[in-house]
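If you want the building blocks of each chain, they are given just below.
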Protein chains: 4
Amino acid sequence: MTLKRRAKLRAPATSQHKNLGTHMAAFTMRKQVYAALPEGEEHRGARWMAALIIGNVILATATTLLQSVPELQPHMAANTTIPLLCGSLFLVEFCLRLWTAPECHRLWGKFPVLGKCGSYLVSFHGVIDLLVCVPMVFILAGFAATGWLSLFGVISLFKLSRYVTSLELVGTVIRNERHTLMASVLTLGLLLVVLSTCLFLIENEAQPERFKSIPHSMWWGIVTLTTVGYGDMSPVTLPGRILGGMTMLIGIGMLAMPTGIIATGFANERKRRELLQTWKIVSSLPLFKGLDANWISEISGLLRTLMVPAHVTVITKGEFSTALFFIVDGEVEIDLHPAPRRLKRGDFFGEAGLLQNKPRSATVTTVKPTRFLVLGLAEYQSLISRAPDLRRKLEETASQRTRESR
Amino acid sequence: MTLKRRAKLRAPATSQHKNLGTHMAAFTMRKQVYAALPEGEEHRGARWMAALIIGNVILATATTLLQSVPELQPHMAANTTIPLLCGSLFLVEFCLRLWTAPECHRLWGKFPVLGKCGSYLVSFHGVIDLLVCVPMVFILAGFAATGWLSLFGVISLFKLSRYVTSLELVGTVIRNERHTLMASVLTLGLLLVVLSTCLFLIENEAQPERFKSIPHSMWWGIVTLTTVGYGDMSPVTLPGRILGGMTMLIGIGMLAMPTGIIATGFANERKRRELLQTWKIVSSLPLFKGLDANWISEISGLLRTLMVPAHVTVITKGEFSTALFFIVDGEVEIDLHPAPRRLKRGDFFGEAGLLQNKPRSATVTTVKPTRFLVLGLAEYQSLISRAPDLRRKLEETASQRTRESR
Amino acid sequence: MTLKRRAKLRAPATSQHKNLGTHMAAFTMRKQVYAALPEGEEHRGARWMAALIIGNVILATATTLLQSVPELQPHMAANTTIPLLCGSLFLVEFCLRLWTAPECHRLWGKFPVLGKCGSYLVSFHGVIDLLVCVPMVFILAGFAATGWLSLFGVISLFKLSRYVTSLELVGTVIRNERHTLMASVLTLGLLLVVLSTCLFLIENEAQPERFKSIPHSMWWGIVTLTTVGYGDMSPVTLPGRILGGMTMLIGIGMLAMPTGIIATGFANERKRRELLQTWKIVSSLPLFKGLDANWISEISGLLRTLMVPAHVTVITKGEFSTALFFIVDGEVEIDLHPAPRRLKRGDFFGEAGLLQNKPRSATVTTVKPTRFLVLGLAEYQSLISRAPDLRRKLEETASQRTRESR
Amino acid sequence: MTLKRRAKLRAPATSQHKNLGTHMAAFTMRKQVYAALPEGEEHRGARWMAALIIGNVILATATTLLQSVPELQPHMAANTTIPLLCGSLFLVEFCLRLWTAPECHRLWGKFPVLGKCGSYLVSFHGVIDLLVCVPMVFILAGFAATGWLSLFGVISLFKLSRYVTSLELVGTVIRNERHTLMASVLTLGLLLVVLSTCLFLIENEAQPERFKSIPHSMWWGIVTLTTVGYGDMSPVTLPGRILGGMTMLIGIGMLAMPTGIIATGFANERKRRELLQTWKIVSSLPLFKGLDANWISEISGLLRTLMVPAHVTVITKGEFSTALFFIVDGEVEIDLHPAPRRLKRGDFFGEAGLLQNKPRSATVTTVKPTRFLVLGLAEYQSLISRAPDLRRKLEETASQRTRESR
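Keep in mind that this is a model prediction, so the values were computed, not measured. (Residues numbered from 1 in each chain as written. Chains lettered and ligands numbered in written order. Predicted model: local features only at pLDDT ≥ 70, side-chain atom pairs only at ≥ 80, totals over all residues. Heavy atoms only, no water.)

## Some points on the overall build of chain A
Test applied: Counting from the N terminus, the helices are the DSSP runs of H or I reaching at least four residues and the strands are the DSSP runs of E reaching at least two. Exposed residues in this analysis have more than 50% of their type's maximum accessible area, buried residues have under 20%, and partly exposed residues fall in between, with area computed by a 1.4 Å probe over protein chains only. Any two residues whose heavy atoms approach within 4.5 Å at even a single point are treated as in contact. Note on areas: Shrake-Rupley with a 1.4 Å probe; residue coverage comes only from the protein chains shown.
Helix and strand content of chain A: 17 helices and eight strands. Here chain A holds 406 residues, and the buried ones make up 51% of them. For chain A, contacts bridging at least 24 residues in sequence account for 68% of all contacts bridging at least 6. Of the roughly 19100 Å² of accessible surface on chain A, 64% is carried by carbon and sulfur atoms.

## Concerning the relation of the copies chain A and chain D
Quick reminder of the rule: Residues below a pLDDT of 70 in either copy are left out; the C-alpha atoms of the rest, at least 70 in both, set the least-squares superposition of the copies.
Rotating chain A by 90 degrees about the axis while translating it 0.0 Å along that axis superimposes it on chain D, leaving an RMSD of 0.1 Å. Here the symmetry operator amounts to a four-fold rotation axis. Interface overlap between copies is the fraction of interface residues in one copy that are interface residues in the other; for chain A against chain D it is only 14%, indicating separate surfaces.

## Structural notes on the packing of aromatic side chains
Residues and elements named next belong to chain A. Heads up, the rule is: Only Phe, Tyr and Trp rings are paired, with Trp represented by its six-membered ring, and only when their centres lie within 6.5 Å; those with planes under 30 degrees apart are stacked, over 60 edge-to-face, the remainder tilted.
If you walk through the whole model with that rule in mind, you get 32 aromatic pairs over all chains. Seen from their ring centres, Phe-349 and Phe-372 are 5.9 Å apart, and the 90 degrees between their planes marks the pair as edge-to-face. Of this pair, Phe-349 sits in strand E6 (residues 348–349) while Phe-372 sits in strand E8 (residues 370–376), and the two are 23 residues apart along the sequence. For the residue pair Phe-349 and Phe-372, the accessibility class agrees, reading buried in each case.

## Quick notes on the relation of the copies chain A and chain B
Overlaying chain A on chain B yields an RMSD of 0.2 Å, the required transformation being a rotation through 90 degrees with an accompanying axial translation of 0.0 Å. An overlap of only 13% is found between the interface residues of chain A and their copies at the interface of chain B, pointing to separate contact surfaces.

## Remarks on the interface of chain A and chain D
To be explicit about the condition: Every case where a carboxyl oxygen of Asp or Glu lies within 4 Å of a side-chain nitrogen of Lys or Arg is listed as a salt bridge. Counted as a polar contact is a pair of N or O atoms within 3.5 Å, where, for protein atoms, one must be capable of donating a hydrogen and the other of accepting one, and residues adjacent in sequence contribute only when both atoms are in side chains.
If you look at the interface, chain A gives 56 residues, while chain D gives 62 residues. For the interface between chain A and chain D, the tally reads three salt bridges. As a salt-bridge pair, Glu-177 of chain A and Arg-270 of chain D come within 3.0 Å of each other at their nearest N and O atoms. Run the count over chain A and chain D and you get seven residue pairs in polar contact (both at pLDDT 80 or more).

## Section: the sheet that holds strand E5 (residues 341–344) of chain B
All names here are of chain B. For clarity, the threshold we go by: Two strands qualify as a pair provided that DSSP identifies no fewer than 2 bridges between them. Between N-to-C directions, angles span 0 to 180 degrees; the directions come from axes that are lines fitted to C-alpha atoms, helices contributing only their stretch in contact.
Across the sheet, which stays open at both edges, the four strands sit in the order E2-E7-E4-E5 with antiparallel pairing between neighbours. Lying at the two open borders of the sheet, with one neighbouring strand each, are strand E2 (313–315) and E5. With direction set aside, neighbouring strand axes in the sheet form an average angle of 30 degrees. Sheet topology note: the strand E4 (residues 331–334)/strand E7 (residues 364–366) ladder contains three bridges and is antiparallel. Across the sheet, residue Val-332 finds its bridge partner in E7, namely Thr-366.

## Observations concerning the interface of chain A and chain B
Put simply, the rule is: Throughout, the accessible surface (probe 1.4 Å) given up by two parts as they are put together, summed over both, is called the buried area. Residues were grouped as follows: Ala, Val, Leu, Ile, Met, Phe, Trp, Tyr, Cys and Pro as nonpolar; Asp, Glu, Lys and Arg as charged; and all remaining residues, including Gly, as polar.
In this complex, chain A contributes 63 residues to the contact, which on the side of chain B involves 56 residues. The three residues of chain A that bury the most area against chain B are Trp-219, Tyr-230 and Met-307 of chain A, which together make up 14% of that side's buried surface. At the surface where chain A touches chain B, the tally comes to three salt bridges. Among the salt bridges present, the one from Arg-304 of chain A reaches Glu-298 of chain B, with a minimum N-O distance of 3.9 Å. The interface formed by chain A and chain B contains seven residue pairs in polar contact (both at pLDDT 80 or more). Element by element, the count of residues in the side of chain A that touches chain B is highest for helix H13 (residues 238–284) of chain A, at ten residues. Counted by class, the side of chain A that touches chain B contains 39 nonpolar, 16 polar and eight charged residues.

## Brief notes about the sheet that holds strand E4 (residues 331–334) of chain D
Residue and element names in this part refer to chain D. The four strands lie next to each other as E2-E7-E4-E5, forming an open sheet whose pairing is antiparallel. Both outer strands of the open sheet, strand E2 (313–315) and strand E5 (341–344), are each paired with one neighbouring strand and no more. The sheet shows a mean angle of 30 degrees between the axes of neighbouring strands, direction not considered.

## A word on the environment of Val-223 of chain A
Mapping Val-223 of chain A onto the fold places it in helix H12 (residues 214–225). With a relative accessible area of 2%, Val-223 of chain A lands in the buried category. Once the C-alpha coordinates of Val-223 of chain A and Met-233 of chain A are considered, the two residues, ten residues apart in sequence, prove to be 9.1 Å apart. Filtering out sequence-adjacent residues up to four positions away, Val-223 of chain A remains in contact with Val-228, Gly-229 and Tyr-230 of chain A together with Met-248 of chain B.

## Comments concerning the packing of helix H12 (residues 214–225) of chain C against helix H13 (residues 238–284) of chain D
Going by this rule: Note that the term roughly parallel is reserved for angles under 35 degrees, roughly antiparallel for angles over 145, roughly perpendicular for angles of 65 to 115, and oblique for everything else. Note on convention: the crossing is left-handed when the near helix lies turned anticlockwise from the far helix by less than a right angle, right-handed when the turn is clockwise.
Two elements in contact, H12 of chain C and H13 of chain D, have axes separated by 10 Å at closest approach and are oriented at 20 degrees. Accordingly, the angle class assigned to the pair H12 of chain C and H13 of chain D is roughly parallel. Every pair of crossing elements has a handedness; the one defined by H12 of chain C and H13 of chain D is left-handed. Residue-level inspection shows His-216, Trp-219, Ile-222 and Val-223 of chain C of H12 of chain C in contact with H13 of chain D, the latter providing Arg-241, Gly-244, Gly-245, Met-248 and Leu-249 of chain D.

## Comments concerning the confidence of the model for chain A
Residue and element names in this part refer to chain A. Cut-off, in case you're wondering: Known as pLDDT, the predictor's confidence for each residue is given on a scale from 0 to 100.
Looking at chain A, the pLDDT average stands at 80 and 84% of residues meet or exceed 70. Least confident of the elements in chain A is helix H1 (residues 3–16), whose mean pLDDT is 42; most confident is H12, at 93. Within the model, the stretch residues 1–18 combines pLDDT values under 50 with 25 contacts to residues more than four positions away or in other chains.

## Quick look at the side chain of Glu-269 of chain D
Residues and elements named next belong to chain D. Note on placement: Glu-269 falls in helix H13. The buried category is assigned to Glu-269, whose relative accessible area is 3%. Residues contacting Glu-269, with those up to four places away along its chain left out, are Leu-169, Thr-172, Val-173 and Asn-176.

## Description of the pattern of salt bridges
The final tally for this structure, using the stated rule, is 60 salt bridges over all chains. Close ionic contact of Glu-168 of chain B with Arg-273 of chain B constitutes a salt bridge, the shortest N to O distance being 3.2 Å. Placement of the pair is Glu-168 of chain B in helix H10 (residues 167–176) and Arg-273 of chain B in helix H13 (residues 238–284), with a sequence separation of 105 residues. Given the relative accessible area of 31%, Arg-273 of chain B is considered partly exposed. One connected set of salt bridges, linked through shared partners, spans Glu-93, Arg-97, Asp-129, Lys-159 and Arg-162 of chain A.

Here's what the structure looks like:
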């Protein structure tokens, strides 16, 4: 009844020990190490490993930041223990990732010439993982890890982007809207040059020191168009101030444009994911397993959205209400005998109602406001009567499932 | 005919004197005190009580603010009457809330170990209610309520969040979108460190006083990325200004990102609430009382949205138009004999049209632009013919209601 | 065939000379003067009148602005001709508006005690119209119209809000979202006080001159939270800068919140107006004139939205395609004999196709991308067969219309 | 099967060599030159031509910017080679565009009196193309191209707007929302004057040098309302700071308003384009070619949206699943014999399933998350049975197509 729980049981088994029965020899150490290394959303790795890597990044960054403070430099600059420790940990991580790269399914097929290790080396995270080891080399070579070397220490922060999974949504939205965003950045650049030239021509006489060339004037332009407004350069003449006011109004538009684009992009991406969810819901139901897209699309069309507040009885024990409820959002409680059972997002109940017209065996109550997708008996039966081969298929699945005795 | 009015009559009775008939002893003073204390949206409490508490908060805050002004300190510091008065009122409120905590249904079940009084003590409002009493203790102990003590005076403002009911919507949206918002804050932090390090390396030579370390440079970074732009630190070299301009453009993106996320979050939460409203509307109709989620979902699917401008006749007296109209938004007027009657959001009319096919008894006209949910006779009858047990149930409800003679 | 054209012919007749036949005496001068005075969207008034009023407002404001410039004061202060001229024009306008107030339908019923003239006097525009006459009184009494009197000159700008009709949409959105916007302003206020108090406690020692009290610190708070950032006050200590950075991040949220609320509000209001438009479209069709809300809601449900690019043939002469097309947006061209005819937003064609199954008499082509609402013959006939009394009614209307020979 | 590929083959033929057979003489050089000149989205022109023009614009702008730098002026001012080179290239481009104007379909019918060359001359791009040639004239006449002449050099950037195709979407949104945006700009102007007047009256005494007149105070107003905040003028008195704080809050609203309007505008425009896409999809199918708008609208209503994740089998070889799939977004792979074939946005498959009920000839799998529009057999057949003349038409098209043996 709970799809997700099953999925959880299966999921690690699939990713870690794939093809367990067939290739016993694949139980190498490399697989275990790869399984422990945290990577992306699907493969979270060992918790202590993630904590170690994140701690190391924070330590390296903090050291770099503090080394730059003049008051602390006498104490920090001499101290090479921490940078060396961080650096060697980064190096170990890089070597492990390079070694286990063949286990990673993401790297497959991007650069077939380079192989998987090569693909890792030229990937964004591979480059970062390598670059953060650079300071250690210099320290070992006797240089101080200050100046431009400190940039390599700070770059290690990009390693953290592996763990912020919501970044993927943000990235998708920006990628989808990149053309429109680019157009607004280009418009900004165009207006920046033209407005700055005009202001240079107007203000040059009054403030020859500040507005001494168009490139200088462009610094005023970008500071004003982005509404930052440092105040180190500002027009003083009347025509300059009128042009400045217009520049500010345009600047508001330059703020409004990307915001509007991104807001629409988020709304659109969310809609796409909701559409995708419907497909996932229908195809995840054991009853509809193995149907092809055409039938799943037919069944999706029959689903009704139902939003129910908290503490409401959805179905009552003993009643003949016959529909399948799929939980999109929220939580319900089934009052089973020894202890009540909770179902969450991704679970469903009432499957039997569609197949056998018998009374409900338990009362189901919502715990939080819950959104369901409901498949009614009437719609389901009219679909089945129109499609005899779908009926045959579903009856086979059902009889098979009862034999397996859930 | 007006659901809301009835609900109003029932509502206070339910929350104040629940189980009136069964537990006569429950009419304790505690219940009455709890009923008077304002709390959240559902339980607004006595008006004068709310005015007293809000007035006390404003008085305490104003006193704290004025005490910090050097010119006023000779007069204010000596005066301990007002802080003591405010403090004792806060203390009384805290004691009353602690005493009546067992009456509050919200506190139920959060920390079962602590009991309800304990749950109140560790809840956000409980901590605030306690903290605002601290200055009084120090004043009684002979200290002046200045310095860090003044923070406790200001904290009392958080007590006001109990009365701003729209905060709940804002809070829900932020909670729903917290992962995406967090991702954009983390991105901001990452960019802040990297960009500040770069600018430090570029500008350190030109302005060693201002950009003297990476942490100092990060102050410039946050001031620029958030487009605040104090102007106390700004790059002067050409590469520094180019990097500064890029930082500002990224800053616009940093503004656009949370705005886009929150705008989508609001749109989404509104959609969820509209879905919930449909459920509430159908299940609130006396005709459909006691149906379970499956049927309510079926009936919801039959509702049509209808938006009508102001001053339009919706149904005419004597006509045979047969549909049930539910008011989602707006206002209508029924021309009844002694005085016309107004129906608002949450009311409905035309129920009889679904059950008995007789002419309308009164003309209904919109007063404002009104949005209806309409349940047509044809759809309703086709539903009933498909579901004989629903029909039986509805007929029972209807006959019971006519016997009760609305 | 063009509803709008007819409406245009009827509209002024209705508003200007209402009840022409019954009350011949009502052709007073007052009605004519009222018709000439511009007022709101529906009643635009005479063009030269609007130009005169707008010109007068701009003249009065410009005079006030220039009078405040010290260099110009010797020349301007003595000159009382322009202020007197503007003032007397304002006075004439006020008197005319007061006199014609009984003609205005908007003022009806707001304050029944005061009557219509009284309602005008206490309305927003009435107060503004009166206030702008104040400077003239002082000038006639021998005072110079400088100092606080100049505010009255500037207030005349509010008279312009009568002519910006899109303001109504903006106003509606803000009114709809006022509770949520209020909540975010209150949150801002709360955070302002708490954050400013903290920064005062932190920075007071380091900069006792700048952060000398909490109210002074609040000036920094509001300047930072709104991301204005003058730079006249800014923290210099490390804890102060950390708190400052957090304040800026919260400030971004304070910008994002109202933007998100208003964006959702605009989307919502647009949806409401689109729903309203469907009603208007169906009820404006001569065929469906006089139907009550129930039937219009039924017919609305049958409409399909169709978006067609420019330069596409919608219906071909001689074909039997049978549907009614209503133009929501865009423009089409009918190739009639002497000269082609253009139909725009609000027009419809193909009405005959629903009633008589005869070939199309002309080809219709889109000129711009056009959005239609289409009522298909099949849906229309299934509706009519379900509702015999609707059929009878429609046939009556149709026969009546053919007799009137469009 | 791939509509787009065919369209590509046809498209250049249509635009370049239109009416090839009939007017052989039209193969003039003018047509070839016009085809090489880049122009808008539909007619991209020759790649090297676009690179040359863009390079020339960048060169001209860079020269202008560098000429304004005082340090570089001795070297730059004397050098007239680059400006002359750029100018002559601009002149050649202008002449070519003027000469080939009669080939451009966009310029048709805007100003019928002027003809096509005249229309080009008065169009936005025509004016820009002419203006950028001005500096050359002055240089040839012996003047230095500095001062206000440098504006003409910068203006050449506007020529680039021809190549940023996403600007069209941004432009459409702004045009659609212009009334509401205008209303918010006017509101800003109104508030600017009123708030600045108030602050002038308050602050004039305390800072007579800074706030010396209302126009001076308006500079503060616009700097604050747009949240730029230079800090060159800021209130110091208590009432001035309270008004300043209110101005900042209003400024946040002034930022929120256009952002909200533009976000809604983008969402709306996207919806319009999606609606338009449905029309394009249905009318682009060979099966439905030549149907008029009424039938296309009927068929559109039968389409179901289906979103499928990556790596999912949509149809299986040998199955009887009978529906037509149209790809809205994403990519699928058909496992054909020699090499698999990929279909993208705009392609469709399964057409045969609608007409002949035979098993699928190949398996189709999604490569990316893909959005389909699905036309099911059941819906299609019920439509055909209702409309015998549509059936006849479709059968004719189908038999014709099989004869043409795709």
